[in-house]
Amino acid sequence: MTRILKNRWVDYAILGLSVFLIFCLIFDSYIELPNLVAWLGRWHPLILHFPIVLLLIAVFLGLTGKKVPDELLVVAVLSALVTAVSGFFLGKETLVKGDLLFWHQWLGGGVALVASLWYVLANRGLSGTMYTKVLQVVMVGLVAVTGHYGGMVTHGEEFLALPTNKKEKEIPENPVIYADVVTTILEDKCVSCHNPNKKKGELLMTNLEELLKGGESGQTLIPGDPIKSQLISRLHLPAEDEEHMPPEGKAPLTQSEIEILERWVALGASDTLRFDQLPESEPLVALIKGLKEGDAESKWASLPVVADSTIKNLSNDYLTIERMAANSNALSIDVFSPPEYTAAPIIAMERIAANIVELDLSGLPIGSAEMDFVARCQNLEWLEVDKTPVTDAEVEKLTALKNLRLLKIYETPVTDKSISVFKQLGSLKSLYVWKTELSNEALESLKSENSGLAINYGINPEIETFFVASDSVAIAK
C-alpha cells in the first residue's frame, strides 16, 4: 500500500466530507446557509467536470486491468465529494426544488459516496476484486444519469432527448389567448430558465399566478401596462444589455411573439379571453392568424446566406441584428437612438437588405435616405417607423414592399395622401395609425378595399374595460 493511501489526513478528509454530505442530503430542509457558504456553491458549475473526468479515467484503468494510480484515485474522490457538497450549497438558492434538481443532488451525492467506498476498498487492498469492479460499473452508470439530470436542470427537460421532428403545437380554431398562445410562447422561449428546477431570478413562468407574483427584480407582469411590465420591457432592451431577455445564447422571441405578449398584457393579461371575443380591428387578431399560418422557416428558405461575421460587423450598441431562428437567414433588426444620430449604420445594411424581414426604426429622426434603404428591403414583412418624422413623400417609397404584413406609422405627420400607398400593399394585415393626420373617412375607404386589414387606432378604452370586468386578473392602476 502506498504512502498516500496510508495518510490519515486523507482518510479524515474523505470521511469528514462523506459524513457532511450525507448530513446535508438528509437534513436539507432544516439547513440555512450563511451567505459566504452559499456563495461557495456558485463554484459548482466550474468544478463539476473535473471529478467526472478523473473518475472515468480511473474506472477505465480499473476495468481494463490496469493499476489505478493512488494519487489519481484520491484526487478524484476528494474532488467528487467537494463537487457534491458545492452542488448542495448551490441548490439551497432554489427555494422550491423540483424533481429534476432533487434527483440530480441525490445522484451526485451517490457518485461521491460510491467513490468514497471505492477508496475504502482500495485502502484495504481490494482494488482488483469483483467488489471494486462492480462499484466501478455502478459509478459509470451514476455519472451518466447524474449528468443527464444536470443537463435537464440547466437546459430544460428535453435537452438530451433524441432529436425528433418536433411537431409545432397546433393552435385551436378558437384559442384561449393565454392558455393556447401565450403559454406556448413562454414555454418555448422562457420556461427552460424559469421553472421549479431552475428558478432564475426567483421567477417562475409556468403559470399566470407565478407571473403576477414576480421575482427578485419585482413585478414581472402588470396587467394593462406593458411598458412597466418587465416581461415586455426586457424583451426590448439591446441584446448586449445584461438584462435583455432571453439572455445571450438562448433563442430570441420573434417580433410577432413579442407583439402578441404586448397586446395580451395591454388587454389586461386575461386568462379567460378567447380569440372570438376580440373585435376584428384588434391587432392581436392578425397576429394570432399569422401564428396559425406557421411554417415561416420554409418561406425564408430561399433567402441569401448571411454569415455570422457579417451580422457582427454591422451590429453596434445601438443596432441589434438577430436571426429569426437559430439557423435562419431571415433577420430582425432593432435600431435605437444613439446620442448623436447618423443614417450611416442603417444605410450600411444594404448588403443584407434582402434578408431583413423585420425592421424597427421607431423614434428615430429618419428621412429620405433611410426610407430609400427600407424600400430596398424587398422581403420586409414587419416595419415600425412610428414616432418618426416620415411624411407622405417617404411613405410613397413603400409601394414595392409586397410582403409587408404589419406597418406601425402612428405618431407621424402622414395624411390621407398615404392611403393610396396602403391600398397597394396587398399583404398588409395590421396598420397602426393613431396620432396621425389620417381621417376616419380615408381609413374606412381603405378598410372597404382590404377587409382583412386590422387598423389600430390605439387602445380602445371600451375593449379594455370589457375584458377587465370579465376577468379574474386585476389591472394595476
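Residues numbered from 1 in each chain as written. Predicted model: local features only at pLDDT ≥ 70, side-chain atom pairs only at ≥ 80, totals over all residues. Heavy atoms only, no water.

**Some details on the packing of helix 1 (residues 8-26) against helix 5 (residues 70-91)**
- Where helix 1 contacts helix 5, the two axes come as close as 10 Å, and the packing angle between them is 25°. Relative to helix 5, helix 1 is oriented roughly parallel. Where helix 1 crosses over helix 5, the handedness of that crossing is left-handed. Taking contact as the criterion, the partners of Val10, Ala13, Ile14, Leu17, Ser18, Phe20, Leu21 and Cys24 in helix 1 are, on helix 5, Val74, Val77, Leu78, Leu81, Val82, Ala84, Val85, Phe88 and Phe89.
- Here the residues of the contact of helix 1 with helix 5 are counted per class, giving 16 nonpolar, 1 polar and no charged. (Axes fitted to C-alpha atoms, helices over the stretch in contact; angles between N-to-C directions. Helix = DSSP H or I, 4+ residues; strand = E, 2+ residues; numbered from the N terminus. Parallel < 35°, antiparallel > 145°, perpendicular 65-115°, else oblique. Left-handed = near helix turned anticlockwise from the far one by under 90°. Contact = heavy atoms within 4.5 Å. Nonpolar A, V, L, I, M, F, W, Y, C, P; charged D, E, K, R; others polar.)

**Some details on the sheet that holds strand 3 (residues 319-323)**
- Read from one edge of the open sheet, 7 strands run 3-4-5-6-7-8-9, paired in mixed fashion. Each end of this open sheet is capped by a strand with a single partner; those strands are strand 3 and strand 9 (454-456). The sheet shows a mean angle of 10° between the axes of neighbouring strands, direction not considered.
- As paired elements, strand 3 and strand 4 (residues 331-335) share 5 bridges and run antiparallel to each other. The residue of strand 4 that forms the bridge with Glu322 is Ser332.
- The sheet strands contacting helix 11 (residues 255-266) are strand 4, strand 5 (356-360), strand 6 (382-384), strand 7 (406-408), strand 8 (430-432) and strand 9, and the helix crosses strand 6 at an angle near 60°. (Pairing = 2+ DSSP bridges.)

**Looking at the confidence of the model for the protein**
- Across the protein, the average pLDDT comes to 84, with 88% of residues at 70 or higher.
- Within the model, the stretch residues 466-477 combines pLDDT values under 50 with 25 contacts to residues more than four positions away or in other chains. (pLDDT = per-residue confidence, 0-100.)

**What about the pattern of salt bridges?**
- Taken as a whole and judged by the stated rule, the model has 10 salt bridges.
- Its salt-bridge partner being Arg323, residue Asp308 comes within 2.6 Å of it at the nearest N-O pair. In this pair, Asp308 is assigned in helix 14 (residues 308-314) and Arg323 in strand 3, connecting sequence segments 15 residues apart.
- The shortest N-O distance in the salt bridge between Arg376 and Glu350 comes to 2.7 Å. Of the two residues, Arg376 is situated in the loop between helix 16 (368-375) and strand 6 and Glu350 in the loop between helix 15 (344-347) and strand 5; the sequence distance between them amounts to 26 residues.
- Three or more residues are tied together by salt bridges with common partners; here these are Glu259, Glu384 and Lys408. (Salt bridge = Lys/Arg side-chain N within 4 Å of Asp/Glu carboxyl O.)

**Some remarks on helix 19 (residues 440-449)**
- Looking only at helix 19, the buried set comprises Ala442, Leu443 and Leu446. Mapping the buried residues of helix 19 onto a view down its axis gives an arc of 95°, with all of them on the same face. Turned more than 90 degrees off the buried face of helix 19, the exposed positions are Asn440, Glu441 and Ser448.
- Where the residues of helix 19 are buried, they touch helix 18 (419-424), strand 8 and strand 9. (Buried < 20%, exposed > 50% of the residue type's maximum accessible area, 1.4 Å probe, protein only. Arc of directions from axis to C-beta.)

**Some words on the pairing of strand 5**
- Most of strand 5 sits out of view: 5 of its 5 residues are buried.
- As paired elements, strand 4 and strand 5 share 4 bridges and run parallel to each other. Bridge pairing in strand 5 links Ser332 to Glu358.
- Two elements, strand 5 and strand 6, share 3 bridges in a ladder whose sense is parallel. Within strand 6, the position partnered with Leu359 by the bridge is Leu383.
- You can see the chain leave strand 5, run along helix 16 and come back into strand 6, and the turn it takes is right-handed. (Right-handed = clockwise from strand over helix to strand, strands pointing away.)

**Topic: helix 5**
- Spanning 22 residues, helix 5 covers 32 Å between terminal C-alpha atoms, matching the ideal 32 Å at 1.5 Å per step.
- Here helix 5 lies mainly inside the structure; 17 of its 22 residues are buried. (Expected span 1.5 Å × (residues − 1).)

**Focus: the environment of Pro283**
- You can see Pro283 is positioned in helix 12 (residues 283-293).
- Look at Pro283 and you get buried, because its relative accessible area is 2%.
- Taking C-alpha positions, Pro283 is 6.3 Å from Ser430, a pair spaced 147 residues apart along the chain.
- Excluding anything up to four places from it in sequence, Pro283 contacts Arg263, Ser430, Tyr432 and Asn456.

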